[in-house]
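# Inside the fold
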Amino acid sequence: MNNSRRKFIASSVALAAGTATAVASSTNSQKGKYPLVHHVFFWLKNPGSVADRDKIVEGLKTLRKIDAIKELRIGVVASTEKRDVVDNSWGVSELMFFEDVAGQASYQTHPIHQKFIKDCSHLWDKVIVYDAIDV
């Protein structure tokens, strides 16, 4: 094998190993950072009302002021492929990340969360919550 080919192979192996290490490190550092996930789905009383949907979205945005919420994502149904396993019957969702169960519990009773419920609960017909913790 010539010298330039050996150098190329050696540098390729080193690059691949470095990339694998970086990916593993990134994955490991993300796991456990905010291990408690709180995902809420809202079904609107008036499913065709963009105004009602937008009021819930605006109400959810106020929750960002709660310190216990480390990350908050708010979404509406995506126009993805229709499949038997996809439920697109809901209208709005929130996805929150917390450091621990205590943080999630404090969020539940926080005045901003209580105000959101008071101001927006008349807009939804059904709510389902999925809480999960990293394993």
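Above this text is the structure in question.
Summarised in this report is the structure supplied together with it. (Residues numbered from 1 in each chain as written. Predicted model: local features only at pLDDT ≥ 70, side-chain atom pairs only at ≥ 80, totals over all residues. Heavy atoms only, no water.)

## Some thoughts on the sheet that holds strand β1 (residues 36–44)
The sheet built from 4 strands is open, its strands ordered β2-β3-β1-β4 with antiparallel pairing. In this open sheet, the two strands that pair with only one neighbour each are β2 (71–76) and β4 (124–133). In this sheet, adjacent strand axes meet at a mean angle of 15° when their direction is disregarded. Bridge analysis of β1 against β4 gives 9 bridges, and the strand direction is antiparallel. Of the residues in β4, the one forming a bridge with His39 is Tyr130. (Pairing = 2+ DSSP bridges. Helix = DSSP H or I, 4+ residues; strand = E, 2+ residues; numbered from the N terminus. Axes fitted to C-alpha atoms, helices over the stretch in contact; angles between N-to-C directions.)

## Some remarks on helix α3 (residues 101–109)
Three or more residues of α3 are buried, namely Gly103, Gln104 and Tyr107. End-on, the buried residues of α3 take up no more than an arc of 100°, which puts them together on one face. Of the residues in α3, the exposed ones pointing more than 90 degrees away from the buried face are Val101, Ala102 and Thr109. In this structure, the buried residues of α3 make contact with β1, β3 (92–98), α4 (111–120) and β4. (Buried < 20%, exposed > 50% of the residue type's maximum accessible area, 1.4 Å probe, protein only. Arc of directions from axis to C-beta. Contact = heavy atoms within 4.5 Å.)

## A word on the pattern of salt bridges
Think of it this way: side chains of opposite charge can pair up when their charged atoms draw near. Within this structure, the stated rule accounts for 4 salt bridges. Here Asp54 and Arg53 are joined by a salt bridge, their closest N and O atoms 3.1 Å apart. Residue Asp54 is classed as partly exposed on the basis of its relative accessible area, which comes to 33%. According to the relative accessible area criterion, Arg53 is partly exposed, its value standing at 27%. Of the charged contacts in the structure, one is a salt bridge between Glu71 and Arg73, with a shortest N-O distance of 2.7 Å. (Salt bridge = Lys/Arg side-chain N within 4 Å of Asp/Glu carboxyl O.)

## With respect to the packing of aromatic side chains
Evaluated as defined, the whole model comprises 6 aromatic pairs. On the numbers, 6.0 Å between centres and 80° between planes, the contact of Phe41 with Tyr130 is edge-to-face. Taken as a pair, Phe41 in strand β1 and Tyr130 in strand β4 lie far apart in primary sequence, 89 residues in all. Summarising the aromatic geometry, the rings of Phe42 and Trp124 are spaced 4.9 Å apart at their centres and angled 50° between planes, so their arrangement reads as tilted. (Phe/Tyr/Trp six-rings, centres within 6.5 Å; stacked < 30°, edge-to-face > 60°.)

## Focus: the packing of α3 against α4
Viewed as axis vectors pointing N to C, α3 and α4 meet at an angle of 50°, and their least axial separation amounts to 5 Å. When the axis of α3 is compared with that of α4, the two are oblique. Between α3 and α4, the contacting residues are Tyr107, Gln108 and Thr109 on the first element and Pro111, His113 and Gln114 on the second. A class-by-class count of the residues in the contact of α3 with α4 yields 2 nonpolar, 4 polar and no charged. (Parallel < 35°, antiparallel > 145°, perpendicular 65-115°, else oblique. Nonpolar A, V, L, I, M, F, W, Y, C, P; charged D, E, K, R; others polar.)

On their own, these measurements won't tell you what the molecule is for.
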